[in-house]
Amino acid sequence: MGILSLLAFLLSCMIQEVGAEMKLSPEELTVLRGEEAQFTCSTSNIQWAVMTWQLNQIPILTIHNETGVLPVANPDVSAKESPDSPGDWVFSLKNTERQHQGEVTCNLQDIDRRTASLSVQEKGNVKVFGDNKLVLKGESALFECQAAGWYPEPSLHWRVDDKPVSQGEYNISSEESGKDLFTVTSFHSVMAAKSSHVVCLASVSALTRPLNSSVRLTVVAEVVQDGDDCTVLLAVTALLAALLLLLLLCIAAVLCYRQRRQAKSSTQEAIWFSQSGSGGGSVAEATGGQFNPGYTSEGPTGYRQLTNGMFKLLY
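Residues numbered from 1 in each chain as written. Predicted model: local features only at pLDDT ≥ 70, side-chain atom pairs only at ≥ 80, totals over all residues. Heavy atoms only, no water.

### Considering the sheet that holds strand β19 (residues 211–219)
Consideration 1: The sheet built from five strands is open, its strands ordered β12-β19-β18-β14-β15 with mixed pairing. Each edge of the open sheet is held by one strand with a lone partner, namely β12 (133–135) and β15 (163–164).
Consideration 2: One ladder, built from two bridges, connects strand β14 (residues 155–160) with β15; its direction is antiparallel. By the bridge assignment for β15, Arg159 is matched with Pro164. (Pairing = 2+ DSSP bridges. Helix = DSSP H or I, 4+ residues; strand = E, 2+ residues; numbered from the N terminus.)

Shown next as C-alpha cells:
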C-alpha cells in the first residue's frame with residue numbers, strides 16, 4: 001500500500017507540473033458578429049497525444065500530435081501550429097454568431113485542460129433624426145438620437161463641437177426586441193449660443209471606434225459676429241452706399257441740366273424781344289409809321305416762316 005500511495009502521489013505531482021505548463025490565451029475574447037475568433041493553446045509537454053477543442057463542452061476539432069489536424073465538417077473551424085512557437089496551436093472560428101459565445105476549451109487528453117470565455121456582440125446603427133437646424137440665438141433646439149439593433153445594450157453619448165456632453169444634460173431610454181437586440185433612444189436640448197456640430201455616438205466594447213451621426217446647428221444672430229459673415233455684410237453695405245451715391249449724382253445732374261436749359265431759354269427770349277423792339281422802331285421811323293411787323297408781302301408762306309421762327313426762339 002505504501003508503494004501504491006507513493007506512485008499515486010508522484011503521478012499527481014507530474015500532472016500538476018504539466019498542467020502548470022499549459023496555457024490558453026486570451027482568457028477572455030470579445031468579437032463582433034461575423035468576425036473571426038482565435039485562441040492559442042500552448043504547452044511545453046511534448047508527450048501529449050491528442051488535443052481536443054470544445055465549444056460549450058461540445059468537441060468541434062481534434063489534433064493528433066503526430067498526424068496534425070483531423071478532418072472537420074464545419075468549414076468555419078480550423079487550427080494550425082504556430083510558426084513562431086512550435087508546439088503551440090492556434091484555433092480559429094470564422095463567421096462567429098451569437099450562439100457561439102460561451103466557453104472555449106483546449107483539452108489535452110489524460111493530461112489537463114484550460115478554458116477561456118468568448119463573447120459575441122452585434123453592431124447596429126445610429127441616427128440623429130431631422131435635418132440641419134436654423135434657430136435664433138438664445139433659443140433651445142431639441143435633437144433626437146436612436147441606436148437600433150445592438151447587442152448588448154450600447155453606450156450612447158453626445159458631443160457638441162467635439163466636446164463631450166455631461167450625462168446629466170440628456171436622457172436615455174432602452175428597449176429590447178424579440179431577437180434579443182437593444183434599441184436606445186436619447187433626447188438632447190442644446191441652447192443656441194453659436195453655430196456648431198451636434199454628434200450622437202453609440203458603441204459596444206468590441207468596436208474600436210464608435211458609430212456616429214451628426215447634424216448642423218446654425219445660429220442666425222451670430223452672422224454679424226463671424227469674420228466671414230461680417231465681411232459679406234460690409235460688402236453689401238458698401239454696395240448699397242455706392243448705388244445711393246450714384247442715384248444722388250444722377251438727380252443732381254438732371255436738376256443742373258434743367259436749370260441751365262431754363263436759363264438759356266430765358267436769355268434767348270430776352271434777346272428776341274429786345275431785337276424785335278429795336279428793329280420795329282427803326283423801320284417805323286423810316287417809313288413814317290407805316291410799317292406793320294405782322295405783314296409780309298410773301299403772303300401766307302412768309303407768315304408761316306415768321307411764326308415758326310418765333311416758336312424756335314421760344315423753345
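### Details of the packing of aromatic side chains
Consideration 1: For the structure on display, the rule yields two aromatic pairs.
Consideration 2: For Arg98, the ring lying beneath its charged end belongs to Tyr151, and the centroid distance is 3.5 Å.
Consideration 3: The ring of Phe143 has Lys133 sitting right over it, with the charged end atom 4.7 Å from the ring centre. (Phe/Tyr/Trp six-rings, centres within 6.5 Å; stacked < 30°, edge-to-face > 60°. Lys NZ or Arg CZ within 6 Å of the ring centre and 35° of its normal.)

### Here's the deal with the confidence of the model for the chain
Consideration 1: Confidence in the prediction of the chain, expressed as mean pLDDT, is 82, and 75% of residues score 70 or more.
Consideration 2: Segment residues 279–291: pLDDT under 50, and four contacts once partners within four positions in sequence are set aside and those in other chains are kept. (pLDDT = per-residue confidence, 0-100. Contact = heavy atoms within 4.5 Å.)

### Quick look at the state of the cysteines
Consideration 1: Under the defined criterion, the tally for this structure stands at two disulfides.
Consideration 2: Covalently, Cys41 is tied to Cys106 through a disulfide, its sulfur atoms 2.1 Å apart. Between Cys41 and Cys106, the disulfide has an S-S torsion of -80 degrees and is therefore left-handed. Highlighted residues: Cys41 in strand β3 (residues 37–43) and Cys106 in strand β9 (residues 102–108), separated in sequence by 65 residues. A single burial state applies to Cys41 and to Cys106, both of which are buried.
Consideration 3: Covalently, Cys145 is tied to Cys200 through a disulfide, its sulfur atoms 1.9 Å apart. Residues Cys145 and Cys200 are joined through a disulfide that is left-handed, its torsion about the S-S bond being -80 degrees. (Disulfide = S-S within 2.5 Å. Buried < 20%, exposed > 50% of the residue type's maximum accessible area, 1.4 Å probe, protein only.)

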